[in-house]
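Here is what each chain is made of, one letter per residue.
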Amino acid sequence: MVKIAQLASYDVNVGDNIAIYNIRRVMEKLVDQPIEWTNLQISQFHEIRNDVKKSSEILKSISDNNDMLIVGGGGLIEGDSGKFGTKWKLPFNEETLAKIDIPIVCFAAGINYFRNWPGISDEGIENIKLFANKCSLFSLRNDGSVDLFKKFSDQPVEEVPDPGLVFDDLLQIPKREEINRGFLQTAWNNKTQQMEGRGFSEKNIARMIQTSEQHGLPNFPHTSKDYRFPNVSTVFSLDAFNEGVRYKRFLNIISAYSKFNYSVAMRGHGQMIAIGVNLPSIYLSTQDKVRDFSYRNGFTDYNVDIVEAEWHAKLNEKITRLKTDKEYLQNWYEIRDKVVVQYTKDFYDFCHKIKDLL
């Protein structure tokens, strides 16, 4: 029996859940003995604002009772606006890291920079460097996070596909010659400043609603916050979603992707899951990470950034083209098929490295 604790966000976000799940799914394939998983919930630390003394006690207990700590998946590297004791999102600094005597693996974490939002403080950056140095394996996901990390550190880092891209034998939607039934995978934040950074002005929200109505796109939420997107029907009721997003049940939400044959994605994991399950998509970038993933992975022609002039016309044009231009649709499939082969190989290779640490 191998005991692994995994620090992540559970029960809240479909994208984070699938990232957690796919790490475990593949690790359980590769490791010869049973794995006992401990859910180390990030909110447990946020409730105490990453208090260093209390976080140290929690992490010492995790170290004493497990063989490994995996940190990921999801976008776990970001600033904290000064509210956390470690000055960044995770509970790691010199004092807390000293309590951990088992291998730490940072698995394809993402650096989350929101537009119009403060970055990571100098103290937070120094603690991120300490964390990276403590890790036996340190990797970031393939959405530009490695480039962001290299702006403040020359430490070794591996680029690993986000777990939300790897659905090898979990779910694959059949390739289609024609598509006509799509959804809008929205993104909402609680902070006004973040929403302004996303370009969610009253005028732009009205344009998004118009696109939804024009193409018959219901809202496919990934978090309960996404239900705040106005005047659009939803794939699930809020009550059904809140029950279904729990980690032990969320695969029913993922399976609903198969009821559609294209999407317009605004969240990073909405973008990645669609690629992983073979669902043709257009990407409306309101964060750099969505734009950068598109540019870095061959999907530039399927991306529209909300800061572009006439973005709304471009978005409608690309949606219509995806539905009516067979060459444009088939090109998406060709790009996707090529990159997914590499994603799966790289993901499994990294999992083998983890196995070797156990």
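Going by the structure above, here's the rest.
Notes on the structure follow. (Residues numbered from 1 in each chain as written. Predicted model: local features only at pLDDT ≥ 70, side-chain atom pairs only at ≥ 80, totals over all residues. Heavy atoms only, no water.)

1. Observations regarding the environment of A132
Line of reasoning, step 1. Tracing the backbone shows A132 in helix α5 (residues 122-134).
Line of reasoning, step 2. Residues A132 and L69, 63 residues apart in the sequence, show an inter-C-alpha distance of 13 Å.
Line of reasoning, step 3. With residues near it in sequence (within four places) discarded, A132 still touches F138, F149 and Q155. (Helix = DSSP H or I, 4+ residues; strand = E, 2+ residues; numbered from the N terminus. Contact = heavy atoms within 4.5 Å.)

2. Concerning helix α14 (residues 326-357)
Line of reasoning, step 1. Compared with the 46 Å implied by 1.5 Å per residue over 32 residues, the 47 Å span of α14 between its first and last C-alpha is a close match.
Line of reasoning, step 2. Where α14 starts, the residue carrying a side-chain oxygen 3.0 Å from the main-chain nitrogen of E327 turns out to be D325. (Expected span 1.5 Å × (residues − 1). Polar contact = N/O pair within 3.5 Å; in protein donor to acceptor, adjacent residues only side chain to side chain.)

3. With respect to the sheet that holds strand β11 (residues 303-305)
As a general point, the strands of a sheet are linked pairwise by backbone hydrogen bonds and lie either parallel or antiparallel.
Line of reasoning, step 1. If you walk across this open sheet you meet the four strands as β8-β9-β10-β11, and the pairing is parallel. The open sheet has two free edges, formed respectively by β8 (182-185) and β11, since each of these has just one partner strand. Going across the sheet, the axis of each strand differs from the next one's by a mean of 15°, ignoring polarity.
Line of reasoning, step 2. Inspection of the sheet shows strand β10 (residues 281-285) paired to β11 by three bridges, in the parallel sense. Pairing of Y283 across the sheet is with N303, part of β11. (Pairing = 2+ DSSP bridges. Axes fitted to C-alpha atoms, helices over the stretch in contact; angles between N-to-C directions.)

4. Considerations on the packing of helix α1 (residues 14-30) against α14
Line of reasoning, step 1. Between α1 and α14, the shortest axis-to-axis distance is 10 Å and the interhelical angle comes to 65°. Relative to α14, α1 is oriented so that their crossing is right-handed. For the pair formed by α1 and α14, the contact residues are N22, I23, R25, V26, M27, K29 and L30 on the first element and F347, Y348, C351, H352, I354 and K355 on the second.
Line of reasoning, step 2. For the contact of α1 with α14, the residue count by class is eight nonpolar, two polar and three charged. (Left-handed = near helix turned anticlockwise from the far one by under 90°. Nonpolar A, V, L, I, M, F, W, Y, C, P; charged D, E, K, R; others polar.)

5. Some words on the nonpolar core
Line of reasoning, step 1. Of all hydrophobic cores here, the largest spans 40 residues; its most connected members are I275 and F299.
Line of reasoning, step 2. Top element by residues in this core is α14. It accounts for eight residues.
Line of reasoning, step 3. If near-sequence neighbours (up to four positions away) are discounted, F299 is found in contact with I275, Y283, F293, S294, W332, I335, R336, V339 and Y343. (Core = buried A, V, L, I, M, F, W, Y, C linked by side-chain atoms within 4.5 Å. Buried < 20%, exposed > 50% of the residue type's maximum accessible area, 1.4 Å probe, protein only.)

6. So, the packing of helix α11 (residues 268-277) against helix α12 (residues 288-296)
Line of reasoning, step 1. Across the interface, α11 lies against α12 with an axial gap of 9 Å and an inter-helix angle of 30°. It follows from the interaxial angle that α11 and α12 lie roughly parallel. Between α11 and α12, the residues in contact are G268, Q271, M272 and I275 and K289, V290, F293 and S294, respectively.
Line of reasoning, step 2. When the residues that make up the contact of α11 with α12 are grouped by side-chain class, the tally is four nonpolar, three polar and one charged. (Parallel < 35°, antiparallel > 145°, perpendicular 65-115°, else oblique.)

7. Things to note about the packing of aromatic side chains
Line of reasoning, step 1. Summed over all chains, the structure comprises 25 aromatic pairs.
Line of reasoning, step 2. Between W188 and F200, the ring centres sit 5.6 Å apart and the planes meet at 90°, which makes this aromatic pair edge-to-face. Of this pair, W188 sits in the loop between β8 and α7 (192-197) while F200 sits in the loop between α7 and α8 (202-215), and the two are twelve residues apart along the sequence.
Line of reasoning, step 3. Here W188 falls in the buried class, since its relative accessible area comes to 12%.
Line of reasoning, step 4. Note on F200: relative accessible area 9%, which makes it buried.
Line of reasoning, step 5. Between the NZ or CZ atom of R181 and the centre of the ring of F260, over which it lies, the distance is 4.5 Å. (Phe/Tyr/Trp six-rings, centres within 6.5 Å; stacked < 30°, edge-to-face > 60°. Lys NZ or Arg CZ within 6 Å of the ring centre and 35° of its normal.)

8. Focus: the side chain of S56
Line of reasoning, step 1. Among the structural elements, S56 can be located in helix α3 (residues 52-65).
Line of reasoning, step 2. Residues contacting S56, with those up to four places away along its chain left out, are E95, T96 and K99.

9. With respect to α11
In an α-helix, one turn spans 3.6 residues, which is why side chains three or four residues apart end up on the same side.
Line of reasoning, step 1. Of all ten residues that make up α11, ten are buried, and the element is covered over most of its length.
Line of reasoning, step 2. Within the span of α11, buried status applies to G268, H269, G270, Q271, M272, I273, A274, I275, G276 and V277.

10. Side note on the pattern of salt bridges
Line of reasoning, step 1. By the definition in use, this model includes 25 salt bridges.
Line of reasoning, step 2. Note that R249 and E243 form a salt bridge whose closest N and O atoms lie 1.7 Å from each other.
Line of reasoning, step 3. Classification of E243 by relative accessible area gives partly exposed; the value is 41%.
Line of reasoning, step 4. In this structure, K318 and D301 form a salt bridge, with 3.3 Å as the shortest nitrogen-oxygen distance. Linking K318 in helix α13 (residues 311-324) with D301 in the loop between α12 and β11, this pair joins segments that are 17 residues apart in sequence.
Line of reasoning, step 5. The exposure class of K318 is buried, given its relative accessible area of 15%.
Line of reasoning, step 6. Judged by its relative accessible area of 35%, D301 is partly exposed.
Line of reasoning, step 7. Salt bridges sharing partners connect three or more residues here, namely R115, D288, R291, D292 and D305. (Salt bridge = Lys/Arg side-chain N within 4 Å of Asp/Glu carboxyl O.)

11. Quick notes on the side chain of T286
Line of reasoning, step 1. Position of T286 relative to the elements: it lies in the loop between β10 and α12.
Line of reasoning, step 2. Within the local environment of T286, its side chain forms a polar contact with the side chain of R198, the two groups lying 2.7 Å apart.
Line of reasoning, step 3. With residues up to four places along the chain from it excluded, the contact list for T286 reads R115, G197, R198, F200, M266 and I306.

12. Some details on the pairing of strand β9 (residues 262-265)
On a regular strand, one side chain projects to one face of the sheet and the next to the other, so that they alternate.
Line of reasoning, step 1. With burial as the criterion, each face of β9 is covered, one bearing Y262 and V264 and the other bearing S263 and A265.
Line of reasoning, step 2. Where β9 lies against β10, three bridges are found, and the strand directions are parallel. From the neighbouring strand, S263 faces β10, where its bridge partner is S281.
Line of reasoning, step 3. Crossover handedness for the path β9 to α11 to β10: right-handed. (Right-handed = clockwise from strand over helix to strand, strands pointing away.)

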